[in-house]
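Chain by chain, the residues:
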Amino acid sequence: GNHFSVGGLVTSDFGMPDSPENNFCTMNPLFATGVTNTFSEGNLKVATNSSGRPSIPSTFVMPTGTGKWFFEARVSGDGGGVGIMRTDAPYNNDFYYGDYQWSIYVHSVIHNGASIGSLSGSATYAEVYGLMLDTDTDTLKVYVGGSEVGSFSVDANYDYYAISGDGSGAVSITSQFNFGGDSTFQGDESAGTNQDANGIGNFSMAVPTDAKALCTKNLEEPTIGAN
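What you see is a predicted model; the values in this text were computed from it and never measured. (Residues numbered from 1 in each chain as written. Predicted model: local features only at pLDDT ≥ 70, side-chain atom pairs only at ≥ 80, totals over all residues. Heavy atoms only, no water.)

**Notes on the overall build of the protein chain**
Part 1 of the reasoning: A tally of helices and strands in the protein chain yields 0 helices and 14 strands.
Part 2 of the reasoning: Starting at the N terminus, the α and β elements of the protein chain follow one another as β-β-β-β-β-β-β-β-β-β-β-β-β-β.
Part 3 of the reasoning: The C-alpha radius of gyration computed for the protein chain amounts to 17 Å, which stays within 12% of the reference 17 Å derived for 227 residues, consistent with globular compactness.
Part 4 of the reasoning: With the C-alpha coordinates of the protein chain rotated into their principal frame, the extents come out at 50 × 40 × 35 Å.
Part 5 of the reasoning: When the 227 residues of the protein chain are sorted by exposure, 47% land in the buried category.
Part 6 of the reasoning: A separation threshold of at least 6 residues defines the contact pool for the protein chain, and within that pool the share at least 24 residues apart is 61%.
Part 7 of the reasoning: If you sum the accessible surface of the protein chain, you get close to 10,600 Å²; carbon and sulfur atoms cover 46% of it.
Part 8 of the reasoning: If you average the places of the 8 positive and of the 24 negative side-chain charges in the protein chain, the two averages end up 2 Å apart. (Helix = DSSP H or I, 4+ residues; strand = E, 2+ residues; numbered from the N terminus. Rg over C-alpha atoms; globule rule 2.2 N^0.38 Å. Buried < 20%, exposed > 50% of the residue type's maximum accessible area, 1.4 Å probe, protein only. Contact = heavy atoms within 4.5 Å. Areas by Shrake-Rupley, 256 points an atom, 1.4 Å probe, with all protein chains shown as cover. Lys, Arg positive; Asp, Glu negative; His and termini not counted. Charge placed at Lys NZ, Arg CZ, Asp CG, Glu CD.)

Here's what the structure looks like:
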């Protein structure tokens, strides 16, 4: 029953939908990898370190059996950028060789050090990718400009993070994430007007049917016991 009201602020200062009443996912700067990466823009922008390629996970989890989840990432180059990772992966799981994850690298999807399929068309970097994980059918779909460019099977009955990473270990890749809070990617793209299945968020491309933004309103309330 407690709500914020606007006072003494310029409208553009609070234009993002993220709020105490509905908090959107970010990337997790506290995840220990042994390699220093640079976080900025409220932990929605991650620049990898060229001395290694560990996967950086999101703060929120896409739980198994909870339907479809959608997020976007603006990737600076073809050496890595974005993917998904099982939550039981080791802390230093490799973005390219890790067998706990599915990573976009050179416009294809890499799993356990090998390409499991190229994405259709060609990428123009910086490229905005949309990823949709269907946790009921264990399927990962990739989109560019709102059109599906690839579909892949993932391990069943696992919870997943969104991840950022560098596939080569010798370059620095910058990924800017949108979990529904900012379709401009901190002003680098034109604003979109697309929302998820529940009318939540702001995405640059059309959101797949029935897919949800990764935010607290779309997640189940945690059970908090008396103790």
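**Considering the nonpolar core**
Part 1 of the reasoning: Counting residues in each nonpolar core, the largest one holds 30 residues, and the members touching the most others are M62, F71, V82, I84 and F179.
Part 2 of the reasoning: Those elements that place two or more of their residues in this core are β4 (68-75), β5 (80-86), β6 (101-105), β9 (127-134), β10 (139-144), β11 (147-153) and β12 (160-166).
Part 3 of the reasoning: Broken down by element, the residue count for this core peaks at 4 residues, all from β4.
Part 4 of the reasoning: In this structure F179 touches F24, C25, T26, M27, L44, S58, F71, A162, F203, A213 and L214, once residues within four positions along its chain are discounted.
Part 5 of the reasoning: Ranked by size, the runner-up nonpolar core spans 13 residues in total, among them F24, V128, F203 and M205. (Core = buried A, V, L, I, M, F, W, Y, C linked by side-chain atoms within 4.5 Å.)

**Regarding the packing of aromatic side chains**
Part 1 of the reasoning: Scanning all chains against the criterion turns up 8 aromatic pairs.
Part 2 of the reasoning: With 6.2 Å between their ring centres and 75 degrees between their planes, F70 and Y143 make a pair best called edge-to-face. Of the two residues, F70 sits in strand β4 while Y143 sits in strand β10, which places them 73 residues apart along the sequence.
Part 3 of the reasoning: Judged by its relative accessible area of 1%, F70 falls in the buried class.
Part 4 of the reasoning: Centroid distance F177 to F179: 5.8 Å. Interplanar angle 5 degrees. Geometry classified as stacked.
Part 5 of the reasoning: Residue classification places F179 among the buried positions, given a relative accessible area of 1%.
Part 6 of the reasoning: Directly above the ring of Y158 sits R86, whose terminal nitrogen or CZ lies 3.8 Å from the centroid.
Part 7 of the reasoning: Across the ring face of W69, the terminal group of K212 is positioned such that the distance to the ring centre comes to 4.2 Å. (Phe/Tyr/Trp six-rings, centres within 6.5 Å; stacked < 30°, edge-to-face > 60°. Lys NZ or Arg CZ within 6 Å of the ring centre and 35° of its normal.)

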